[in-house]
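# Residue-level structure breakdown
Residue strings, one per chain:
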Amino acid sequence: FDRAAKQPEKIRSTVTRLAACVEMARRSHVPIVYLQNMHLPNAADVPSSHLHHLMDSGLANGPEDIPCIKGTWGHQIVDELRPLTDDIIIEKGAFNDFHNSMLDKVLRIRRVETVVLTGISTHAGILATTFGLIDHGYYFLIPPECVSGNDPELEVAAMTLLKPHVVSLAEIRLGWSGQGPSRR
């Protein structure tokens, strides 16, 4: 976290809550799908507009700072969230997890109707993926304990937009146990 995050302690705290959420999902026999951000060496797949966005946001000084280059430390899933054999890992190269990935195909094969969306970069990946979920016809829930952003102002703005889908982890836990209200 310390090498790429603007707020490493906040990200570390979110990862701890994410790990608890993943364990809870596993105990409830909920399929776990990881979306692993990936870019090519030398950021060969990163458009200049994306690079400028990262530089303007203070997340990179240039192509050499792009996190998630395949085969580097930034591409690895952190130990606290290490996938198990039955978990699914899908590589992605865009903010919207559906863009040029196998996500829709994997979810449909597993007959998934509702997605619990978690992760880092609320104002980018989480927000962009919600539009993909809507466009592809999925219901989705976002536990605020399990998302985080690098910019507090942008995170608040994103969560305000996503408010109809924000549901506490406690309520999701009840739903997974069959005791909570049905949200599909």
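Reading the values: the criteria
Residues numbered from 1 in each chain as written. Predicted model: local features only at pLDDT ≥ 70, side-chain atom pairs only at ≥ 80, totals over all residues. Heavy atoms only, no water. Phe/Tyr/Trp six-rings, centres within 6.5 Å; stacked < 30°, edge-to-face > 60°. Helix = DSSP H or I, 4+ residues; strand = E, 2+ residues; numbered from the N terminus. Buried < 20%, exposed > 50% of the residue type's maximum accessible area, 1.4 Å probe, protein only. Axes fitted to C-alpha atoms, helices over the stretch in contact; angles between N-to-C directions. Parallel < 35°, antiparallel > 145°, perpendicular 65-115°, else oblique. Contact = heavy atoms within 4.5 Å. Nonpolar A, V, L, I, M, F, W, Y, C, P; charged D, E, K, R; others polar. Core = buried A, V, L, I, M, F, W, Y, C linked by side-chain atoms within 4.5 Å. Polar contact = N/O pair within 3.5 Å; in protein donor to acceptor, adjacent residues only side chain to side chain. Expected span 1.5 Å × (residues − 1). Left-handed = near helix turned anticlockwise from the far one by under 90°. Pairing = 2+ DSSP bridges.

Inspection of the entire model under this criterion finds one aromatic pair. Seen from their ring centres, Phe98 and Tyr138 are 5.9 Å apart, and the 25° between their planes marks the pair as stacked. Taken together, the positions of Phe98 in the loop between β2 (88–92) and α3 (103–109) and Tyr138 in the loop between α4 (122–135) and β5 (139–141) put the pair 40 residues apart, joining distant regions of the chain. Relative accessible area serves as the criterion here: at 8%, Phe98 is assigned to the buried category. On the basis of relative accessible area, Tyr138 is assigned to the buried category, the value being 6%.

With that settled, the discussion passes to the packing of helix α1 (residues 8–27) against helix α6 (residues 169–176). At a minimum axis separation of 10 Å, α1 and α6 run at an interaxial angle of 10°. Considered as vectors, α1 and α6 are oriented roughly parallel to each other. In this structure, α1 contributes Cys21, Met24 and Ala25 to the contact, and α6 contributes Leu169, Arg173 and Trp176. Here the contact of α1 with α6 is built from residues that sort into five nonpolar, no polar and one charged.

In this structure, Leu107, Val115, Leu133 and Ile142 are the most contacted members of the largest nonpolar core, which totals 18 residues. Broken down by secondary-structure element, the contributors of at least two residues to this core are β2, α3 and α4. If near-sequence neighbours (up to four positions away) are discounted, Ile142 is found in contact with Leu117, Ile126, Thr130, Val147, Met159, Leu162, His165, Val166 and Val167. In terms of nonpolar packing, the next biggest core, distinct from the first, is built from 13 residues, Val15, Leu18, Ile32 and Cys146 among them.

With that settled, the discussion passes to unusual backbone geometry. Here His29, not a glycine, exhibits a phi torsion of approximately 60°, which is positive. If you trace the backbone, His29 turns up in the loop between α1 and β1 (33–37). Look at His29 and you get exposed, because its relative accessible area is 73%.

Here Ser101 shows up in the loop between β2 and α3. A distance of 2.5 Å separates a polar side-chain atom of Ser101 from the backbone oxygen of Asp97. When sequence neighbours within four positions are dropped, the list of residues in contact with Ser101 reads Ile90 and Glu91.

Glancing now at α1. The α-helix advances 3.6 residues per turn, and as a result positions three or four apart in sequence lie on the same side. If you check α1, its first and last C-alpha atoms are 29 Å apart, about what 20 residues at 1.5 Å a residue would give, namely 28 Å. Taken as a whole, α1 has its buried residues at Ile11, Thr14, Val15, Leu18, Ala19, Cys21, Val22, Met24, Ala25 and Arg26. In the core, the buried residues of α1 are packed alongside β1, β4 (119–120), β6 (147–148) and α6.

Turning our eyes to something else, we now look at the packing of α4 against helix α5 (residues 152–161). The contact between α4 and α5 brings their axes to 9 Å, and the two run at 20°. Considering the angle they form, α4 stands roughly parallel to α5. In the crossing of α4 with α5, the sense of the turn from one axis to the other is left-handed. In contact with Thr122, His123 and Leu127 of α4, α5 contributes Leu154, Glu155, Ala158, Met159 and Leu161. Its residues assigned to classes, the contact of α4 with α5 shows five nonpolar, two polar and one charged.

Before going further, it helps to examine the pairing of β2. Consecutive side chains of a regular strand alternate in pointing toward one face of the sheet and then the other. Of the two faces of β2, only the one carrying Ile88, Ile90 and Lys92 is buried; Ile89 and Glu91 on the other face are not. One ladder, built from five bridges, connects β1 with β2; its direction is parallel. Within the sheet, the bridge partner assigned to Val33 lies in β2 and is Ile88.

Interpretation note: all reported values are geometric properties and have no functional meaning in isolation.
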